[in-house]
Amino acid sequence: MTDRLYYEDSYLTEFDAQVLEVQGNRVRLDRSAFYPTSGGQPFDTGYLGGARVTDVESVAGEVWHTVEGTLREGEHVHGRIDWPRRFDHMQQHAGEHMIANAVYRFFDGFTIGLHIGAEVSTIDVELPDGRMRLSPEDIARVEDDVNAHIQQNLPIRCYFPQDVDALPLRKRGNVKEHVRVVDIGGYELVPCGGTHPARTGDIGLVKIVDARPSRGKMRLAFLCGSRAVRDYRRRYAITEELALGLSTSVDRLPELVRQMGEHLKEAEYALKQANAQRLLAAADAFPAEEAKGYRIVAASVDGDMEALRSLAARLLERTDYALLESSSGNLLFARAQRAPGRMDQLLRQVGKGGGKPDFAQGAAGESGAAQRAAQVLKEELAASAS
């Protein structure tokens, strides 16, 4: 089995090893400091000699490295780990343990799974009584607890205990033999094969950025270390730019944005009402075509479905058919009670939707649907009269 050097020293960035086996672009070494994808933590990247390592897997106890380059069996190589990537994963993984511990202590939440993504990391939490949410105050409580433990710069120890069953583990893993345990400050003990910092201070900072229901559980998204700092820098720049552009302070931004939203809704409503009134005022000017004693108005107008309904009602006061199409692709076909034909079937010939024989609405597949429907209707009326 491959001697996994990261078990003893997660800060080890360079090492020497011998190539034991080569399968295409996959290489097995006698020893390796490269972490393979496992437990939600992504693989390390770096170099073996001049060959770039692009993937690392654990198969039956052996560590296989996918490389861009050529290595030979028996060759001695010098390995170099991409340290910024490794350290980032160490920060995220240790921070996850501390978040999971706080959620367990405060809310009896049981963590299921970890995913360290390229930008954000997540855990799924099973809360008692089927709950899938925590309040903002609860989230703040978790953050405060985790960051307080980080500031204490507690030791983080990873080891293989002789009697794992005797330890007060937060949860038990599936591995029964040769179990590796992570001990964070003596208060968080859990089986884990990942890489972690030597002390909590190296995590730097933890920020929970999202908490929402997901597949019957609560999904927490978080950032640790440099990721949290970069996120703060980005958000700081955005809020400062917004405050400057709106000539206000950052503290007043939420209230100002709320007021602007209300004013926008009022303006949109006023514009909607004005457009509807304009359409109704112009209703008498819409030309009507004669077909076998019936009057048909087919028109393309600006307005939403509500405006189309009001316009159709006004038109049916003087016509038999109102075939309306909006600039956004909405369709509304209506007829007077005395007029024949099925508006629902007519609409489906030129678009998608449904309704009743005297009223149907939906969406046009392409522009000009109202005019095409008028032509179909005239042909149907002519056929029924012959």
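Rules and cut-offs
- Residues numbered from 1 in each chain as written.
- Predicted model: local features only at pLDDT ≥ 70, side-chain atom pairs only at ≥ 80, totals over all residues.
- Heavy atoms only, no water.
- Salt bridge = Lys/Arg side-chain N within 4 Å of Asp/Glu carboxyl O.
- Helix = DSSP H or I, 4+ residues; strand = E, 2+ residues; numbered from the N terminus.
- Buried < 20%, exposed > 50% of the residue type's maximum accessible area, 1.4 Å probe, protein only.
- 1 Å grid on protein atoms, 1.4 Å probe; cavity = no way out; pocket = protein on both sides within 12 Å on 5 of 7 lines; lining within 4 Å.
- Points joined across faces, edges and corners; volume = space filled by probe spheres on them.
- Nonpolar A, V, L, I, M, F, W, Y, C, P; charged D, E, K, R; others polar.

**Some words on the pattern of salt bridges**
What the rule picks out here adds up to 22 salt bridges. The partner of Glu262 in a salt bridge is Arg258, with the nearest N and O atoms 2.4 Å apart. With Glu262 and Arg258 both in helix α4 (residues 253-281) and four residues apart, the pair spans about one turn of that helix. Its relative accessible area of 41% is what places Arg258 among the partly exposed residues. Across the salt bridge formed by Asp284 and Arg318, the nearest N and O atoms sit 3.9 Å from each other. Of this pair, Asp284 sits in the loop between α4 and β16 (289-291) while Arg318 sits in the loop between α5 (305-315) and β18 (321-326), and the two are 34 residues apart along the sequence. Relative accessible area serves as the criterion here: at 59%, Asp284 is assigned to the exposed category. By relative accessible area, Arg318 is classed as partly exposed at 26%.

**Observations concerning the layout of surface pockets**
Approximately 1000 Å³ is the volume found for the largest pocket. Forming the walls of the largest pocket are 39 residues, and the residues nearest its centre are Ser38, Val175, Pro191, Cys192 and Gly193. Contributions of two or more residues to the lining of the largest pocket are made by β1 (3-4), α1 (83-107), β9 (110-116) and β13 (188-191). The element that contributes the greatest number of residues to the lining of the largest pocket is β9, accounting for five residues. When the residues that make up the lining of the largest pocket are grouped by side-chain class, the tally is 16 nonpolar, 14 polar and nine charged.

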